[in-house]
Amino acid sequence: MEKTNIGVLGAGTMGAGIAQVAAQSGHATVLVDVNAEQLQKAKAGIEKVLARLVEKGTKTEAEKTEILGRLTYASSIADFVDCGMVIEAIVEKIEVKHSVFKEMEAVVSEDCILASNTSSLSIASIGSVLKNPSRIIGIHFFNPAPLMPLVEIIPAVQTSEEVLSSAKTIIDSWKKITVVCKDTPGFIVNRVARPFYGEALRIYEEGVADFATIDWAMTHIGGFRMGPFTLMDYIGNDINYTVTETVFAAFYYDPRFKPSFTQKRHSEAGFLGRKTGRGYYNYAEGSTLPEPVKDEVLGRQIFERIIVMLINEAFDALFLNVASRKDIDLAMTNGVNYPKGLLAWADDLGLPFVLEKLEALFAEYGEDRYRPNVLLRRMVVAN
Ligand SMILES: NC(=O)c1ccc[n+]([C@@H]2O[C@H](COP(=O)([O-])OP(=O)(O)OC[C@H]3O[C@@H](n4cnc5c(N)ncnc54)[C@H](O)[C@@H]3O)[C@@H](O)[C@H]2O)c1
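Here the residue numbers are simple positions, counted from 1 along each chain's written sequence. Thresholds applied to this predicted model are a pLDDT of at least 70 for local features of residues and 80 or more for the giving and counting of side-chain atom pairs; totals over whole chains, interfaces and linings are not thresholded and use all residues.

## Here we look at the overall build of the chain
As a reminder of what qualifies: Only DSSP runs of H or I reaching four residues or more are called helices, and only runs of E reaching two or more are called strands; each is numbered from the N terminus. We compute the radius of gyration from the C-alpha atoms alone; for a globule the expected value is 2.2 Å times N to the 0.38, where N is the number of residues. Exposed residues have 12 or fewer other C-beta atoms within 10 Å of their own C-beta, buried residues have 20 or more, and partly exposed residues fall in between, where C-beta atoms are placed from the backbone. Any pair of residues counts as being in contact when their C-beta atoms, constructed from backbone geometry, are within 7 Å of one another.
When you go through the chain residue by residue, the secondary structure sums to 17 helices and eight strands. Relative to its length of 383 residues, the chain is compact, with a C-alpha radius of gyration of 22 Å against a globular reference of 21 Å. When its C-alpha atoms are laid out on the principal axes, the chain stretches across 60 × 55 × 40 Å. The burial tally for the chain puts 45% of its 383 residues in the buried class. Put simply, of all contacts in the chain between residues at least 6 apart along the chain, 67% involve residues at least 24 apart.

Printed below as a string of C-alpha cells:
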C-alpha cells in the first residue's frame, strides 16, 4: 500500500528530526519553514546524520539515497497540498499556531490529519480555529526525535476516533512507542517527572545535601542514568525552569508544582548548564566536578523522598485518567529513560511503604505538596 505523504511545518530542532523519521519510515515528506537559512541547516543536518549512519553500517548508501530522495524542502504551506498528515513544530506561541493551522486547513484535503508537536499548549485550543476541529491531534515527540522512542499521542475533546486511530497507526509504523494521553498540562512525561527536579531542588534548598550528593543518591541508589542536577544542566536551566513554571500556572498554581528560586537564580545568572559552560556544576576546561558525600543512609533518605514524590505524581495521573497504567510506565521508561516505570516501582517498594513515607512528609511539613494521592490510599486500604 502506498504510504501517505507527510508534511512537517518548522525545520528547527524538532521539525528536522520528525521529517527525518518520516522519510526513514518510507513516506514522501515535505519540510516547510519560513526561514530559508533554517531550512538549509535542517537539510545539511539530515544529510550529515544519514552519512554517519552509512559510515557506521546501519544504513547502506542506496538506503541513504532513497531516504534523501523522499525529502523535499519548501517555504510555503501550499506545498502540503498532497499530505495525508501534517505535523506542526514551530514556535510555542498560540497566536502563531492558530494562524498556521487556519492556513494549513485551507490547503490540505478534507481527510488530512493536522497535528501539533506542542509541549505545553492545549490541543483543544489549537484545534479551535479549524473548520473541522475533529482532525486536530497532539503528536508529541521527544528530543532528539530520531533517537527517542516515545511519542505521546494526545486527542483533544474535538478529535474523532478515526483521527486518533489513524495517527496512532502511522506513528506506530515509524517504530515508535506510542502512549495515548489526555489533553492536560505536561501530558504524561512533563507532568509526572516534575518532582525529579522539584524535590531535588527542595532538598538542596533545605541544606540536606549538595548537588553532587543528591545526584549520587539518585544514580547510585536509585539507578537513574543521570542525577537531577546533571540532567537539568543538560536540558538547560532556562528551558527546564520554563516548563516547570508553565505546568505550575496551567495547574492553577497547585503547590505540588511550585518552581524553585534556586533554579530561577541559576537561570537569571546565565548558569544555564552545559551550553553556557556553567550550571549547577562548572564545565570550564580544567575544572573538576565536586565529590559527593557517599553516605548510604543519607543517600537512601534522599532517594526515597524523591521516588515517593514521583510515584505520587504517577498515581495522580492514573487517578485522573490522564493515561493507562501501562502507558504511564512506558512514558517514563522511554521518554526520560527511567530505569523502571513508577507504578511498577511502587509495587516493588510496596504501596504501604510509599504511603507511609508520604504521610510522614505531609505530617512533618504540613504542606500540600506532600499530600498522598487518594488512589494510592484506596489501594493500600483495599490491600
Ligand atoms: N526542543 C524540544 O526539546 C521540544 C521537544 C518536544 C516538543 N517541542 C515543541 O516543538 C515545537 C518546536 O520546537 P523546536 O525546539 O523545534 O523549535 P525551534 O526554535 O528549534 O524551531 C522552530 C522553527 O519554526 C520555524 N517557524 C517559526 N514560525 C514559523 C511559521 N509561521 N511558519 C513556518 N515556520 C516557522 C522557525 O523558523 C524555526 O526553524 C514547539 O511547539 C515545542 O514546544 C520541543
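## Observations regarding the domain arrangement of the chain
Heads up, the rule is: An automatic or database domain assignment supplies the start and end points of every domain. When residue character is reported, Ala, Val, Leu, Ile, Met, Phe, Trp, Tyr, Cys and Pro are called nonpolar, Asp, Glu, Lys and Arg charged, and the others, Gly included, polar.
As assigned here, the chain comprises domain 1 (6-180) and domain 2 (190-381). Between the C-alpha centres of domain 1 and domain 2 there is a distance of 31 Å. On the side of domain 2, eight residues touch domain 1, which itself brings ten residues to the contact. Those elements giving two or more residues to the side of domain 1 that touches domain 2 turn out to be strand 7 (150-154) and strand 8 (177-180). In terms of residue count, strand 8 provides more of the side of domain 1 that touches domain 2 than any other element does, three residues in total. When its residues are assigned to classes, the side of domain 1 that touches domain 2 shows seven nonpolar, two polar and one charged.

## A few points about the sheet that holds strand 4 (residues 85-88)
Stated formally: Strand pairing is assigned whenever DSSP identifies at least 2 bridges connecting the two strands. Angles here are taken between N-to-C directions and fall from 0 to 180 degrees, while the axes themselves are lines fitted to C-alpha atoms, restricted in helices to the stretch in contact.
Ordered in space as 3-2-1-4-5-6-7-8, the eight strands form an open sheet in which the pairing is mixed. At either margin of the open sheet sits one strand with a lone partner, and together these are strand 3 (71-74) and strand 8. Pairwise comparison of adjacent strand axes, ignoring direction, gives a mean angle of 25° for this sheet. Looking at chain direction, strand 6 (residues 136-141) and strand 7 are connected through four bridges and run antiparallel.

## Concerning the site of the ligand
Formally: The criterion for a residue being near a molecule or strand is simple: its C-beta atom, placed using the backbone, must lie within 6 Å of it.
Taken together, 23 residues are adjacent to the ligand, and Gly10, Gly12, Met14, Ser119 and Asn143 come closest. The set of elements that each furnish at least two residues to the shell around the ligand consists of helix 1 (13-24), helix 4 (94-107) and strand 6. A total of three residues in the shell around the ligand trace back to one element, the largest contributor, which is helix 1. Residues of the shell around the ligand, tallied by class, amount to ten nonpolar, eleven polar and two charged.

## Overview of the packing of helix 13 (residues 296-319) against helix 17 (residues 374-381)
Note the cut-off: To sort the angles, those under 35 degrees are grouped as roughly parallel, those over 145 as roughly antiparallel, those from 65 to 115 as roughly perpendicular, and the leftovers as oblique.
Here helix 13 crosses helix 17 at 95°, and the two axes come no closer than 8 Å. The orientation of helix 13 relative to helix 17 falls into the category roughly perpendicular. Along its contact with helix 13, which presents Asn312, Phe315, Leu318 and Phe319, the element helix 17 presents Val374, Leu375 and Leu376.

## Remarks on the packing of helix 9 (residues 211-221) against helix 10 (residues 228-235)
Between helix 9 and helix 10, the shortest axis-to-axis distance is 7 Å and the interhelical angle comes to 105°. With respect to helix 10, the axis of helix 9 lies roughly perpendicular. Listed contacts from helix 10 to Phe211, Ile214, Asp215 and Met218 of helix 9 are Pro228, Phe229 and Thr230. When its residues are assigned to classes, the contact of helix 9 with helix 10 shows five nonpolar, one polar and one charged.

## Observations regarding helix 13
Operational definition: Working rule for helices: expected span equals 1.5 Å times residues minus one.
Along its 24 residues, helix 13 runs 34 Å from first to last C-alpha, staying within 8% of the 34 Å computed at 1.5 Å per residue. Burial analysis of helix 13 places 17 of its 24 residues in the buried class, the great majority of the element. Residue Asn321 follows helix 13 closely and has a positive phi angle near 55°.

## Some words on the nonpolar core
The condition that has to hold: Throughout this description, the term nonpolar core refers to a group of buried Ala, Val, Leu, Ile, Met, Phe, Trp, Tyr and Cys residues whose C-beta atoms join them within 7 Å.
With 103 residues, the main nonpolar core has Val86 and Ile188 as its most contacted residues. Two domains each provide a minimum of three residues to this core, namely domain 1 (6-180) and domain 2 (190-381). Every residue in contact with Val86, bar those within four places of it in the chain, is listed here: Gly7, Leu9, Phe80, Met104, Val108, Cys112, Leu114 and Ala115.

## Notes on helix 10
The periodicity of an α-helix, 3.6 residues per turn, causes residues three or four positions apart to be oriented the same way. When you tally the buried positions in helix 10, you get six out of eight residues, the bulk of the element. Restricting attention to buried positions, one finds in helix 10 the residues Pro228, Phe229, Thr230, Leu231, Met232 and Asp233. Buried residues belonging to helix 10 abut helix 8 (194-205), helix 9 and helix 11 (237-250). Directly beyond the C-terminal end of helix 10, a positive phi value near 105° is found at Gly236.

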